[in-house]
Amino acid sequence: MTSTTTATPTTAGTPTPAETPIAAAPESAAAEVELLIGGMTCASCAARVEKKLNRMDGVSATVNYATEKAKVSYPAGIQVADLIATVVKTGYTAEEPAPPQPETPATAEADPELASLRERLTVSALLAVPVVLLSMIPVLQFDNWQWLALTLAAPVVVWGGLPFHKAAFTNARHGAATMDTLVSVGTLAAFGWSLWALFWGDAGMAGMHDEFRLTVSRTDGASTIYLEVAAGVVALILLGRYLEARSKRRAGAALRALMELGAKDVAVLRDGREVRVPVGELAVGDRFVVRPGEKIATDGTVVEGASAVDASMLTGESVPVDVAPGDTVTGATVNAGGRLVVAASRVGSDTQLARMARLVEDAQNGKAEVQRLADRISGIFVPVVLLIAVGTFGVWLGVTGDVAAAFTAAVAVLIIACPCALGLATPTALMVGTGRGAQLGILIKGPEVLESTRRVDTVVLDKTGTITTGRMTLQEVHVAEGTDERELLRLAGALEHASEHPVARAVAAGAEERVGPLPSAEHFENVPGRGVRGRVEGREVAVGRLYDDLPEELARARSEAESGGRTAVVVGWDGTARGVVAVADAIKDTSAEAVRQLRALGLTPVLLTGDNRAVADSVAAAVGIAPGDVIAEVLPEDKVAVVRRLQGEGRSVAMVGDGVNDAAALATADLGLAMGTGTDAAIEASDLTLVRGDLRVAADAIRLSRKTLSTIKGNLVWAFGYNVAALPLAAAGMLNPMIAGAAMAFSSVFVVSNSLRLRTFR
């Protein structure tokens, strides 16, 4: 999003009348904008910006430290410039994101913020390592070594630590304290003490020796220097920041890759000639050419040619899909076969790729309730730590009378207490989890969805389009004795080809697939409620229920087909019934396996359909759903009541559907999963969107969501546990400040690295 947009639920493309009630919203709804926030260094920074924005009348803002973005909803009368001004007054920068630009390995490597951080880290580390070695190993301490250590440490503390000092100063001007305040005060205090001891105490004398201690002990304050603490902590925290920045970049790589999938230019047909133009100039209705190996520029319908399309980068499905005139294709997929001419149906922000990217980005910018709690804690944590540090200094001084020991314990408290890990625990896992989901064709709408996946115990499966293909297909052919099956299919298919009825189309398509090109029919006549008849190759052919007396074998075949939930029609010619063909909505090849996977996750599958009981039982038996878990003959408007009844029984219900008539039930369920092959209304109403029409992805989506949730909880347990355990240790004098700095840096890196494990989810 690069500009303000009306915050009303919208669907891509033109909504159908049935979708309109779902998509409607009051015209007075607030506008929404996304801002890039600069200068944030920890979760307490994000909490401050969020608090300031939310204090503006009518403004609702969510600030995400990991993505460095603010999602702001604001009323009429407030301008984006006002929002930016508020952020600037808080001590940070804000701007609207620029349109995404193609990213090459060279531009990725040239990230100025990362390059600057790497340079500062490299110089600081090269200077700090000798200081630490000289201070820790007495055998290396020659006469006046401490002055060399001061010479090396000064640039690290002043220049290397400059980002911390600048941020701390800016925050102090605004009456706030953040993690930078802790680092800046701690390292400057250690450096300032060392300067006093060197110039006015005994530490500057030739022959002075020092040794490294893991814990606080009584020392002569006038001869104690903390140069290794000042330089080492700055270098360690810069290392943590650099690793964290790299990891955060990797965490967002999936979304960046998704946004870069689309074609950059396209060959449009203008007056019969191909004209190559930027893809942004495409309009709905334009016809464009896609050659083998090229990306399809935008969503559209094939009008000429046949090919196989590789959609793996969008859906995770590795098998190319055959397309022919009349089939829809999706932008960013690859033409793997012949030349295609496609009529654009959606362009720009309406395309499936753009909608996917928008869903993923919205999810990454959202916050789970547990993250809001962590942010509130981070917001008050720093001032509390400053008070604890002052209290630690006072208690140590009062109990031991040793200023140096009291000072060391207080500095350790300041440095170890950074709440960064707390602020990164949820957003980094959410970034990686949602990004990995997008790669696999799973779109998670927001962090609150994750909690729902943990609780659900029942999954309601719509039949048509979810378990089945949603298209009638020819299933069985029974012929009377002495009748040739191929001849029956040729004649029946030729006659049905002239009809638009779904059953007729299924018979015609099945016949053409089995016997090849069909002859043409003459004198075609539709007999309402009974079937069709006409002349094919000189024979009077009839298909449907136009024969009252059937031979026993054909009567039995028709009865068995209908009892199994299939639609049976009788085929005959010249006044005699010759055979029975049965059509049905075919069950997807993967549906039975998907039901097994859902059971393995502890879910009870329930089949919900408007079809009759015989059809429902037949489908349920084929995919492994128990007869007691079949709910048939349900009107579309009654699906919501079924979901509520199951919830009333104490169940937590997930619903999988794809049609307009599923939208309300998807919204009512505790967890709604929409098949991406379905309608916009269903997708808008769902919590999870499964980009390809494979029910197995529903099980994958629930597994990924649960895995992401468990990673978030693991991160939070570590972050809370670390701070709870570390502060008392530091206050008790059991941690040298430099060890505290290393532990703090490791804490943030651990949380981000743990989140990155989600990239390997299969």
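Nothing here was measured: the structure is a model prediction, and the numbers come from that model.

Turning next to the confidence of the model for the chain. Looking at the chain as a whole, its pLDDT mean stands at 79, while 82% of the residues score no less than 70. When mean pLDDT is taken per element in the chain, helix α6 (residues 145-160) scores highest with 94 and helix α1 (residues 20-23) scores lowest with 32. With pLDDT under 50 throughout, residues 1-29 is counted as low confidence; its partners more than four residues away or in other chains account for 45 contacts. Below a pLDDT of 50 lies the segment residues 102-109, which in the model reaches eight contacts outside its immediate sequence neighbourhood of four places, other chains included.

By way of backbone hydrogen bonds, the strands of a sheet pair with one another, either parallel or antiparallel. The sheet built from six strands is open, its strands ordered β17-β22-β21-β20-β19-β18 with antiparallel pairing. The sheet is open, and its two borders are formed by β17 (468-479) and β18 (522-527), each paired with just one other strand. Neighbouring strand axes in the sheet, compared pairwise and without regard to direction, differ in orientation by 20° on average. With eight bridges joining them, β17 and strand β22 (residues 576-587) adopt antiparallel strand pairing.

This part is about the nonpolar core. Of all hydrophobic cores here, the largest spans 62 residues; its most connected members are Ile 37, Leu 53, Val 72, Leu 83 and Leu 227. Sorting elements by how many residues they give to this core places helix α9 (residues 227-251) first, with 10 residues. Those residues in contact with Leu 53, other than ones at most four positions away along the chain, are Val 59, Ala 61, Val 63, Ala 70, Val 72, Leu 83, Thr 86 and Val 87. Counting 49 residues, the second largest nonpolar core, distinct from the first, contains Val 459, Ala 699, Leu 709 and Val 751.

This paragraph deals with the pattern of salt bridges. Under the definition given, this model contains 21 salt bridges. Across the pair Lys 69 and Glu 34 runs a salt bridge whose closest N-O atoms are separated by 3.8 Å. Here Lys 69 is found in strand β4 (residues 69-74), whereas its partner Glu 34 is found in strand β2 (residues 31-38), with 35 residues between them in sequence. Under the relative-accessibility criterion, Lys 69 is labelled buried at 16%. A salt bridge links Glu 649 to Arg 645, with the shortest nitrogen-to-oxygen separation between them at 3.4 Å. Glu 649 gets classed as partly exposed once you look at its relative accessible area, which sits at 45%. Owing to a relative accessible area of 42%, Arg 645 belongs among the partly exposed residues under this scheme. What emerges from the salt-bridge pattern is a single network uniting Glu 274, Arg 291, Glu 304 and Arg 339.

Time to look at a nonpolar patch on the surface. Among the surface-exposed residues, Val 129, Leu 133, Met 136, Ile 137, Val 139 and Leu 140 lie close enough to one another that they form a single nonpolar patch of about 500 Å² accessible area. Inspection of the secondary structure assignment puts Ile 137 in the loop between α5 (112-136) and α6. The partly exposed category is assigned to Ile 137, whose relative accessible area is 33%.

Procedures and definitions
Residues numbered from 1 in each chain as written. Predicted model: local features only at pLDDT ≥ 70, side-chain atom pairs only at ≥ 80, totals over all residues. Heavy atoms only, no water. pLDDT = per-residue confidence, 0-100. Helix = DSSP H or I, 4+ residues; strand = E, 2+ residues; numbered from the N terminus. Contact = heavy atoms within 4.5 Å. Pairing = 2+ DSSP bridges. Axes fitted to C-alpha atoms, helices over the stretch in contact; angles between N-to-C directions. Core = buried A, V, L, I, M, F, W, Y, C linked by side-chain atoms within 4.5 Å. Buried < 20%, exposed > 50% of the residue type's maximum accessible area, 1.4 Å probe, protein only. Salt bridge = Lys/Arg side-chain N within 4 Å of Asp/Glu carboxyl O. Patch = residues over 30% accessible without salt bridge, like charges linked within 9 Å, V, L, I, M, F, W, Y side chains within 5 Å. Areas by Shrake-Rupley, 256 points an atom, 1.4 Å probe, with all protein chains shown as cover.

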